[in-house]
Amino acid sequence: RSVVTAASSSPAVAVTATDVPGTMKAWAYEEYGDASVLKLDEAVSVPAVGEDQVLVKVAAAALNPVDSKRRMGKFKATDSPLPTVPGYDMAGVVVKVGSQVKNLKEGDEVYGHISEKVLEGPKQFGSLAEYTAVEEKLVALKPKSIDFAQAAGLPLAIETAHEGLERAGFSAGKSILVLGGAGGVGSLVIQLAKQVYGASKVAATASTPKLELLKSLGADVAIDYTKDSFDDMPDKYDVVFDAVGQGEKAVKVVKEGGSVVVLTGAVTPPGFRFVVTSDGSVLAKLNPYLESGKVKPVVDPKGPFPFSQVVEAFSYLETGRAAGKVVISPV
Ligand code: NDP
């Protein structure tokens, strides 16, 4: 039987399939509401592992704005039943595999976004827990050069960045404006556009303290939205990627025939909105760029927050001021 270490950043805890306990600690809520509905439950049942799933000992997790929107009841009609253990993003170690699992084995270090559809029937037992069960196809091996905390912040945001660029038909030599360049998604759109797709020009918006971050991620032009309004500037772009909710202004600066990707807020034609689909093969495809350091995880410097401070971490995320990802580690 194999013995694996759960998290390099926490005291070594050896976990094997036969050691997996019946219950675990998890953050959960029984009613929709603000961050105060979250309670640390010490005895949640460890999820059963489906035949196409792996059970992961979570080493680190990350928060996304959709966790907050879901908790507020915005997607009630298509949500899983309460009580909910929230969390989409995680990195950890496989401790059990289902009978139909083909490529993963106990001891593998993986990361992923655990709910294939974010809004339609997301998992009731999410990643803000000591263990989570996830389909093999939704995860990938963790790049060796990054730690669990860095890896946990990537999946939902990088899959959104990638899917948006693909849907926009982005390709080498094109220009892009990223609205919200310092956020979880925007920080990865800048890097993928520049390092993976070969953009000719990347412009991005943020407030004054975050302009240096935009530059360090590869933005050629960093626009301070507290001083300049991007739609008053003469530049036009092949693609505008809106991670803020400025769809109406965004369409003013796209070239004729270009694309405007809208993640949130009202959609103005020719802008289009999509909702990310989780896909481990996208992570696997991008792993070489993460391994080489061409694309870097951005973990907000106020974190990582320990597992005991998930409420504080959500309160911080909900200020809308995060730089990169709000990460929970160790779990
Ligand atoms: P974050 O919480 O990481 O975004 C925070 C960032 O937004 C901060 O860096 C902040 O920078 C920046 N920001 C806020 N207001 C502005 C502004 N007016 N102009 C420029 N930057 C601004 O969020 P995410 O990146 O994770 O997500 C962004 C949005 O996209 C959310 O609404 C989220 O729900 C949605 N989303 C939708 C998905 C989909 O599939 N449709 C998938 C993923 C996310 P500063 O402090 O400088 O203002």
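Computed from a predicted model, the values in this text were never measured in an experiment.

1. Brief notes about the overall build of the chain
Inference 1: On a plain count of helices and strands, the chain comes out with eight helices and 16 strands.
Inference 2: In terms of overall size, the chain behaves like a compact globule, its C-alpha atoms giving a radius of gyration of 20 Å where 331 residues would be expected to give roughly 20 Å.
Inference 3: With respect to the principal axes defined by its C-alpha atoms, the chain has extents near 65 × 40 × 35 Å.
Inference 4: Considering the chain as a whole, with its 331 residues, one finds that 55% of them fall into the buried category.
Inference 5: A total accessible area of about 13600 Å² is found for the chain, and carbon and sulfur atoms account for 52% of it.
Inference 6: Counting 35 positive and 39 negative side-chain charges, the chain places the centres of these two groups 3 Å from one another.

2. Describing the sheet that holds strand 15 (residues 272-273)
Inference 1: Spatially, 12-11-10-13-14-15 is the arrangement adopted by the six strands of the open sheet, whose pairing is parallel. Two strands in the sheet have a free side with no partner beyond their single neighbour: strand 12 (221-224) and strand 15.
Inference 2: Judged from the four bridges that link them, strand 11 (residues 201-206) and strand 12 form a sheet pairing that is parallel. For Ala-204, the partnering residue across the bridge sits in strand 12 and is Ala-222.
Inference 3: In this fold helix 3 (residues 155-167) packs onto strand 10 (175-179), strand 13 (237-242), strand 14 (254-262) and strand 15, with an angle of close to 145° to the strand it touches most, strand 13.

3. Quick look at the site of the ligand
Inference 1: Lining the immediate surroundings of the ligand are 27 residues, of which Lys-69, Ser-207, Lys-210, Tyr-225 and Ala-322 lie closest.
Inference 2: For the ligand, an oxygen atom lies 2.7 Å from a polar atom in the side chain of Lys-69.
Inference 3: Contact distances for the ligand include 2.7 Å between an oxygen atom and a side-chain N or O atom of Arg-321.
Inference 4: In the complex, the protein chains occlude 88% of the 930 Å² of accessible area that the ligand would expose alone.
Inference 5: Put simply, the parts of the chain that give the shell around the ligand at least two residues each are helix 1 (65-71), helix 3, helix 4 (184-196) and strand 11.

4. A short note on helix 8 (residues 310-317)
Inference 1: Listed in full, the buried residues belonging to helix 8 are Val-310, Ala-313, Phe-314, Tyr-316 and Leu-317. Down the axis, helix 8 shows its buried residues gathered within 160° of arc, on one side only.
Inference 2: Packing partners of the buried residues in helix 8 comprise strand 3 (23-28), helix 1 and strand 16 (327-328).

5. Here's the deal with the environment of Val-97
Inference 1: For Val-97, the location among the structural elements is in strand 6 (residues 89-97).
Inference 2: The class for Val-97 is partly exposed, based on a relative accessible area of 36%.
Inference 3: Each C-alpha atom of the pair Val-97 and Val-261 lies 37 Å from the other, and the pair is 164 residues apart in sequence.
Inference 4: When sequence neighbours within four positions are dropped, the list of residues in contact with Val-97 reads Val-49, Gln-53, Val-54, Leu-104, Lys-105 and Glu-106.

6. Thoughts on the confidence of the model for the chain
Inference 1: Mean pLDDT over the chain: 95, with 95% of residues reaching 70 or higher.
Inference 2: With pLDDT under 50 throughout, residues 1-12 is counted as low confidence; its partners more than four residues away or in other chains account for 29 contacts.
Inference 3: Model confidence for the complex: the whole-complex pTM is 0.96, and ipTM, which rates the interface, is 0.99.

7. With respect to the packing of aromatic side chains
Any pair of aromatic rings gets described here by the distance separating the centres and the angle formed by the planes.
Inference 1: Considering all chains together, one arrives at four aromatic pairs under this definition.
Inference 2: Consider the rings of Tyr-29 and Tyr-32, whose centres lie 6.3 Å apart with planes at 55°: the pair is tilted.
Inference 3: Looking at Tyr-29, the relative accessible area reads 1%, which means it is buried.
Inference 4: Between Phe-305 and Tyr-316, the ring centres sit 6.3 Å apart and the planes meet at 35°, which makes this aromatic pair tilted. Pair noted here: Phe-305 is in the loop between helix 7 (280-292) and helix 8 and Tyr-316 is in helix 8, with a separation of 11 residues, a long-range link.
Inference 5: Looking at Lys-57, its charged tip hangs above the ring of Tyr-131, at a distance of 5.5 Å from the centre.

8. What about the pattern of salt bridges?
Inference 1: Here the structure, examined in full by the defined rule, presents 12 salt bridges.
Inference 2: A salt bridge links Lys-105 to Asp-108; the nearest nitrogen and oxygen atoms lie 2.9 Å apart.
Inference 3: In this structure, the salt-bridge partner of Asp-231 is Lys-252, at a minimum N-O distance of 3.9 Å. Of this pair, Asp-231 sits in the loop between strand 12 and strand 13 while Lys-252 sits in the loop between helix 6 (247-250) and strand 14, and the two are 21 residues apart along the sequence.

9. Quick word on the packing of helix 3 against helix 4
Inference 1: Here helix 3 crosses helix 4 at 50°, and the two axes come no closer than 8 Å. On the basis of their axis angle, the class for helix 3 and helix 4 is oblique. Once helix 3 is placed against helix 4, the crossing between them reads as right-handed. Within the contact between the two elements, helix 3 uses Ala-157, Ile-158, Thr-160, Ala-161, His-162 and Leu-165 and helix 4 uses Gly-184, Val-185, Leu-188, Val-189, Leu-192 and Ala-193.

10. Overview of the side chain of Thr-132
Inference 1: Take Thr-132: it is sitting in strand 8 (residues 131-135).
Inference 2: A residue is classified by how much of its surface remains accessible, and Thr-132, at 0% relative accessible area, is buried.
Inference 3: At 3.3 Å, the side chain of Thr-132 and the backbone oxygen of Phe-125 are in polar contact.
Inference 4: The contact partners of Thr-132, leaving out residues within four places of it in the chain, are Pro-47, Val-54, Leu-55, Val-56, Val-58, Met-90, Ile-114, Phe-125, Gly-126 and Ser-127.

11. Brief notes about the environment of Ala-140
Inference 1: Within the fold, Ala-140 resides in strand 9 (residues 139-141).
Inference 2: By relative accessible area, Ala-140 is classed as buried at 7%.
Inference 3: Among residues more than four places away in sequence, those in contact with Ala-140 are Glu-109, Val-110, Tyr-111, Gly-280, Leu-283, Ala-284 and Asn-287.

What counts, and where the lines are drawn
Residues numbered from 1 in each chain as written. Predicted model: local features only at pLDDT ≥ 70, side-chain atom pairs only at ≥ 80, totals over all residues. Heavy atoms only, no water. Helix = DSSP H or I, 4+ residues; strand = E, 2+ residues; numbered from the N terminus. Rg over C-alpha atoms; globule rule 2.2 N^0.38 Å. Buried < 20%, exposed > 50% of the residue type's maximum accessible area, 1.4 Å probe, protein only. Areas by Shrake-Rupley, 256 points an atom, 1.4 Å probe, with all protein chains shown as cover. Lys, Arg positive; Asp, Glu negative; His and termini not counted. Charge placed at Lys NZ, Arg CZ, Asp CG, Glu CD. Pairing = 2+ DSSP bridges. Contact = heavy atoms within 4.5 Å. Axes fitted to C-alpha atoms, helices over the stretch in contact; angles between N-to-C directions. Near = heavy atom within 4 Å. Polar contact = N/O pair within 3.5 Å; in protein donor to acceptor, adjacent residues only side chain to side chain. Arc of directions from axis to C-beta. pLDDT = per-residue confidence, 0-100. Phe/Tyr/Trp six-rings, centres within 6.5 Å; stacked < 30°, edge-to-face > 60°. Lys NZ or Arg CZ within 6 Å of the ring centre and 35° of its normal. Salt bridge = Lys/Arg side-chain N within 4 Å of Asp/Glu carboxyl O. Parallel < 35°, antiparallel > 145°, perpendicular 65-115°, else oblique. Left-handed = near helix turned anticlockwise from the far one by under 90°.

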